[in-house]
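Descriptive structure summary
Letter by letter, the chains look like this.
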Amino acid sequence: MRVAIAGAGAVGRSIARELIDNGHAVLLIDKDPSSIKPERVPDAEWLLADSCELSSLEEARLDKCDVVIAATGDDKVNLVTSLLAKTEFGVPRTVARVNHPNNEWLFSEAWGVDVNVSTPRIMSALVEEAVTVGDLVRLFTFRQGNANLVELTLPADSPYVGKPTGLIPFPDNCALVSILRDGQVYVPDAEQPIESGDELLFVVPEDREDELERLLAPTEHGGSA
């Protein structure tokens, strides 16, 4: 997918690298010439422009983007960028960085913001999550234990929809730590069934991630019963 990132500072570049590593096309936009450093993220497109200007966003071809991330250090810029992306270009998914907690209430659908976040890792994960139901999304890395906190939204055609977690043969050393459903958090036990659309949070060793994804994903994603 194509992702435009407004703000080519440390945060924007970090998100860009993460997404490029995951196979996505990334455009970095910044109005400050000193921030245009293609050598820092050589596989990205770069555009010297003001993301608050409609003409700049037209030049960036935002109508061809699947996701826009407003990642500048200025909350006003992030709000305006999100609003223009959503209302003028119909971008399906907008993710905006909140720099000052007092402004968080502004970052809503009214301003064209689908998701407001502040951590580069979580921002890139939310972008992935928006388009990859059934695919595993890495949210956080535990450096000490060589394990990751990962999320997988259970597809409707998973072979384990409706089955208690105690009957699911999860990979060794893989722990289901939470189930998010209808805005509620459920602590899983052996009798708790999982349902289509559940967001499942696991702690899993990196070398078991693919096995976990194959287990829960539908047949067309490589899963099996």
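These lines cover the structure that appears in this document, whether it is placed above or below. (Residues numbered from 1 in each chain as written. Predicted model: local features only at pLDDT ≥ 70, side-chain atom pairs only at ≥ 80, totals over all residues. Heavy atoms only, no water.)

1. Describing the packing of aromatic side chains
Summed over all chains, the structure comprises 1 aromatic pair. Aromatic pair Phe-170 and Phe-202: ring centres 5.4 Å apart, planes at 70 degrees, arrangement edge-to-face. Remark: Phe-202 occurs in strand S11 (residues 199–205) and Phe-170 occurs in the loop between strand S8 (147–153) and strand S9 (175–181); sequence separation between them is 32 residues. Overall, the relative accessible area of 0% leaves Phe-202 in the buried class. The lysine or arginine in question, Arg-181, covers the ring of Tyr-186, its NZ or CZ lying 5.1 Å from the ring centre. (Phe/Tyr/Trp six-rings, centres within 6.5 Å; stacked < 30°, edge-to-face > 60°. Helix = DSSP H or I, 4+ residues; strand = E, 2+ residues; numbered from the N terminus. Buried < 20%, exposed > 50% of the residue type's maximum accessible area, 1.4 Å probe, protein only. Lys NZ or Arg CZ within 6 Å of the ring centre and 35° of its normal.)

2. Some points on the nonpolar core
Counting 19 residues, the largest nonpolar core has Ile-5, Ile-15, Val-26, Leu-28, Val-41 and Ile-69 as its most contacted members. Elements with a minimum of two residues in this core: strand S1 (2–6), helix H1 (10–21), strand S2 (25–30), strand S4 (67–70) and strand S6 (115–117). If one sorts the elements of this core by residue count, H1 sits on top with 5 residues. Dropping the residues within four chain positions of it, Val-26 is found in contact with Val-3, Ile-5, Ala-16, Leu-19, Ile-20, Ala-44 and Glu-45. (Core = buried A, V, L, I, M, F, W, Y, C linked by side-chain atoms within 4.5 Å. Contact = heavy atoms within 4.5 Å.)

3. Description of the pattern of salt bridges
A pair can form between side chains of opposite charge whenever their charged atoms are brought close. What the rule picks out here adds up to 5 salt bridges. Its salt-bridge partner being Glu-45, residue Arg-2 comes within 3.9 Å of it at the nearest N-O pair. Of the two residues, Arg-2 sits in strand S1 while Glu-45 sits in strand S3 (residues 45–48), which places them 43 residues apart along the sequence. Given the relative accessible area of 36%, Glu-45 is considered partly exposed. With a closest N to O distance of 3.5 Å, Asp-74 and Lys-76 form a salt bridge. (Salt bridge = Lys/Arg side-chain N within 4 Å of Asp/Glu carboxyl O.)

4. Examining the side chain of Ser-56
If you trace the backbone, Ser-56 turns up in helix H2 (residues 54–59). Ignoring any residue separated from it by four or fewer positions in sequence, one finds Ser-56 in contact with Leu-47, Ala-49 and Asp-50.

5. Comments concerning unusual backbone geometry
A positive phi angle, close to 55 degrees, is found at Arg-61, a residue other than glycine. Backbone geometry places Asn-173, a non-glycine residue, at a positive phi of 65 degrees. Tracing the chain through its elements places Asn-173 in the loop between S8 and S9.

6. A few points about the sheet that holds S3
Taken in spatial order, the 6 strands make up an open sheet running S3-S2-S1-S4-S5-S6, and their pairing is parallel. Two strands close off the open sheet at either side, each with one partner strand: S3 and S6. Taken over all neighbouring pairs, the strand axes of this sheet differ in orientation by 20 degrees on average, direction set aside. Across 5 bridges, the pairing between S1 and S2 is parallel. Along S2, the bridge assignment pairs Ile-5 with Leu-28. Packing against the sheet, H1 makes contact with S1, S2, S3, S4 and strand S5 (93–97), and its axis sits at approximately 170 degrees to S2. Together, S1, S4 and S5 form the strand contacts of helix H3 (residues 75–87), whose direction differs from that of S5 by roughly 175 degrees. (Pairing = 2+ DSSP bridges. Axes fitted to C-alpha atoms, helices over the stretch in contact; angles between N-to-C directions.)

7. Notes on the pairing of S9
Pairing of S9 with S11, which is carried by 5 bridges, proceeds in the antiparallel orientation. Note that in S11 the partner of Leu-176 across the bridge is Phe-202. As judged from the 3 bridges shared by S9 and strand S10 (residues 184–186), these two strands associate in the antiparallel manner. Directly across from Arg-181, in S10, lies its bridge partner Gln-184. Count of turn residues in the S9/S10 antiparallel hairpin: 2 residues, of which Asp-182 carries a positive phi of about 55 degrees.

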